[in-house]
Amino acid sequence: MAAAPGSTATPQQMADAIRVLSMDAVQAANSGHPGMPMGMADVATVLFTRFLKYDAARPQWHDRDRFVLSAGHGSMLLYALLHLTGSKAMTGEQLSRFRQLGSITAGHPEFGHTPGVETTTGPLGQGLANAVGMAMAERHLNARFGDDLVDHRTWVIAGDGCLMEGVSHEAISLAGRYKLNRLCVLWDDNRITIDGSIELSETGDQLARFKAAGWAVKAIDGHDFGQIRRALSWATRQSRPTLIACRTAIGKGAATMAGSHKTHGAALGEQEVAATRIALKWDNPPFVLPEAISSAWRKAGRKGGRLRRQWEARLKAHHDNDQFLRAMNGELPSNAFEALDQQIVVQTAAQPTLATRAASGAALEAVFPWIPEMIGGSADLTGSNNTLVKGTLAFDAPDYAGRYVNWGVREHGMAAAMNGMALHGGVIPYAGTFLVFADYSRPSIRLAALMGVRVIHVLTHDSIGVGEDGPTHQPVEHLASLRAIPNLLVFRPADQVEAMECWKLALQSRDAPSAMALSRQNTPAARTEPAGENLSARGAYELRAAEGEARVTIFATGTEVAIALDARDRLQAEGIGARVVSVPCFELFERQPAAYRKALIGAAPARVAVEAAIKQGWERFLGEDGRFVGMTGFGASAPAGALYKHFGITAEAVVEAARAQL
């Protein structure tokens, strides 16, 4: 029932406002998911009016609680809450333009597109795993800056689909292991999926599952305001992460369709909407609220203002306020790269022969001590990935001050949680696994690129150079697959100097994630002359010029740059002018001015690219007639040197490819 003029709105009436706004927006778009917002309206009302620490007027307040709608298909729940609590951007007009081009009310919540949205959700389970990363970042920053500046919680609304996805298993296991008691998951236990009853595909005991992972669990009636309030209060007192199973009816409040799976992913229909208005005694037209309800919600949106102002006063008086703001704003220390730049000079002269994974480790040794926001880790491959800087303490309960996370064999959960850490702010996460296992991380890598967050993936064992472990561990299509993701910087450095340059670029990239493809096997130094600038920043550059007229241009990345240089010298010995172009990052090359790109590719009649991977993507450099020396299928189990000869990735093959064009 809508509140009468001059009266005070009840929690039920405030929840019904969410229901009506959600069904009206979905109906206007004739597209969307009204069932979940209507079902979880009661739980969300208690959370946003009684427990969530936020100030609607300052959605970027650093010490706000984070609210993650993991069940992103129910986006109208979040949009309705933002509108009701007084978000300036989330107007009634925006609600009426739900799912329309140019609106901020996208079909699924999008970080950076809509103020108040903490993360992009929709692929189920991702939000839950992001929230684990947010809770980790909160605890780490609390250890660094103290309760005065960092003291907040992370709340999640998740559905059955979120808990079915495999990433949820990795995420809840991590949260339990690290005792993230500032994390609370509100499970929309409505027993419904798109296809029908949950029993069609799931009979497991979720409470037992979470409890076994180290969580505190509780089951409640998700439509009983008293039970909801007491459960949320209980969650704030636990020493472990909490799961509250909220038994709800999907589409709660709908006149005839409440509890039906038909409310999940389609508009209710004009007749059902009209009947629901009557059942809820809601007389107002779409997107117009009774004043008493609107007033009650806006009061709830303002209640955190006092806490925010108190926090701002503490921040102003804090001895470390400049470092806190620098970290939260994503700015690097002024001296972040002093040691790294010095090492680039040293290594250019030293010309070491080593694996690029070892070169990456050396780069980390030169930057990690100078950038306190960096938090490293590995998916149980620390010694192979070279991601642990000597002397670094492990991130762990109870103090969380450590800067190295032992993620275990959980690539997907690791990648998703790193996204959450970056979204939270104040930390720069990086972690390692083998390049071939980027397939496990890919959904989260894609979302990092979509959101534009600074996350760095250290992906070692980047080719058939893995050797004896065989084709299961030898990536051949992975470089092309990752390069296909928009806004992902894929680096494949050739040696120590390029590895250091690429790390500098990845750390400077505030609006894009990075993937470092690094070798297991040793490779000789390619950069032997001082450059005076970061040549890798161009994406591609001439590493070795031709003697005389260039009749051949050889493009290469990573360990194959050494092969390209060998082939170039052989061609020059035959009197054929050849130049070598190193291509550490396709994406950065495409950002260069057209004139630079044209000049670098050049006009040599023969073009050859060499990379121990598939050809896809190299057409940009080779044109229609260029030749590619690389892989056309999967690898095999043998020593790395034997594999390169077996698959014809050799200097001789490059020379022959050049001759064939000439």
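Before any of the text, the structure's been laid out above.
Residues numbered from 1 in each chain as written. Predicted model: local features only at pLDDT ≥ 70, side-chain atom pairs only at ≥ 80, totals over all residues. Heavy atoms only, no water.

Caption draft 1: The sheet that holds strand S1 (residues 66-69), seen in detail. Here we have five strands laid out as an open sheet, ordered S1-S2-S3-S7-S6, and parallel in their pairing. Of all the strands in the sheet, the pair left with one neighbour each is S1 and strand S6 (216-221). With strand direction ignored, the average angle separating the axes of adjacent strands in the sheet is 15°. Both strand S2 (residues 154-158) and strand S3 (residues 183-189) contribute to a ladder of five bridges, which runs parallel. When the sheet's bridge partners are listed, Ile 157 is paired in S3 with Leu 186. (Pairing = 2+ DSSP bridges. Helix = DSSP H or I, 4+ residues; strand = E, 2+ residues; numbered from the N terminus. Axes fitted to C-alpha atoms, helices over the stretch in contact; angles between N-to-C directions.)

Caption draft 2: Highlighting the packing of aromatic side chains. Summed over all chains, the structure comprises 18 aromatic pairs. When the ring of Phe 434 is compared with that of Phe 437, the centres are 5.9 Å apart and the planes differ by 15°; the resulting orientation is stacked. Consider the rings of Phe 586 and Trp 618, whose centres lie 4.9 Å apart with planes at 80°: the pair is edge-to-face. Taken together, the residues span a long stretch of sequence, with Phe 586 in helix H23 (residues 586-590) and Trp 618 in the loop between strand S19 (606-610) and helix H25 (619-622) at a distance of 32 residues. Each member of the pair Phe 586 and Trp 618 is classed as buried. Aromatic ring contacts, followed pair by pair, group Phe 555, Phe 586, Phe 589, Trp 618 and Phe 621 into a single cluster. Stacked on the ring of Trp 234, the Lys or Arg Lys 218 has its end atom at 4.9 Å from the ring centre. (Phe/Tyr/Trp six-rings, centres within 6.5 Å; stacked < 30°, edge-to-face > 60°. Buried < 20%, exposed > 50% of the residue type's maximum accessible area, 1.4 Å probe, protein only. Lys NZ or Arg CZ within 6 Å of the ring centre and 35° of its normal.)

Caption draft 3: Structural context of helix H22 (residues 560-573). Compared with an ideal rise of 1.5 Å per residue, which puts 14 residues at 20 Å, H22 spans 20 Å between its outermost C-alpha atoms and is within 8% of the ideal. Inspection of H22 places Glu 560, Val 561, Ile 563, Ala 564, Leu 565, Ala 567, Arg 568, Leu 571 and Gln 572 among the buried residues, and these make up the whole buried set. Elements that come into contact with the buried residues of H22 comprise strand S16 (541-544), strand S17 (552-556), strand S18 (578-582), S19, helix H26 (640-646) and helix H27 (651-661). Looking at the residues trailing H22, positive phi occurs at Gly 575, about 85°. (Expected span 1.5 Å × (residues − 1). Contact = heavy atoms within 4.5 Å.)

Caption draft 4: How the structure looks around the nonpolar core. Within the largest apolar cluster, 123 residues are counted, with the highest numbers of intra-cluster contacts made by Leu 186, Ile 244, Trp 297 and Trp 407. Residue contacts for Leu 186: discarding those within four places in its chain leaves Met 40, Val 43, Leu 47, Val 156, Ile 157, Ala 158, Leu 232, Ile 244 and Cys 246. Of all hydrophobic cores here, the second largest spans 34 residues; its members include Leu 543, Ala 606, Val 655 and Ala 658. (Core = buried A, V, L, I, M, F, W, Y, C linked by side-chain atoms within 4.5 Å.)

Spatial relationships are all this shows, so hold off on functional conclusions.
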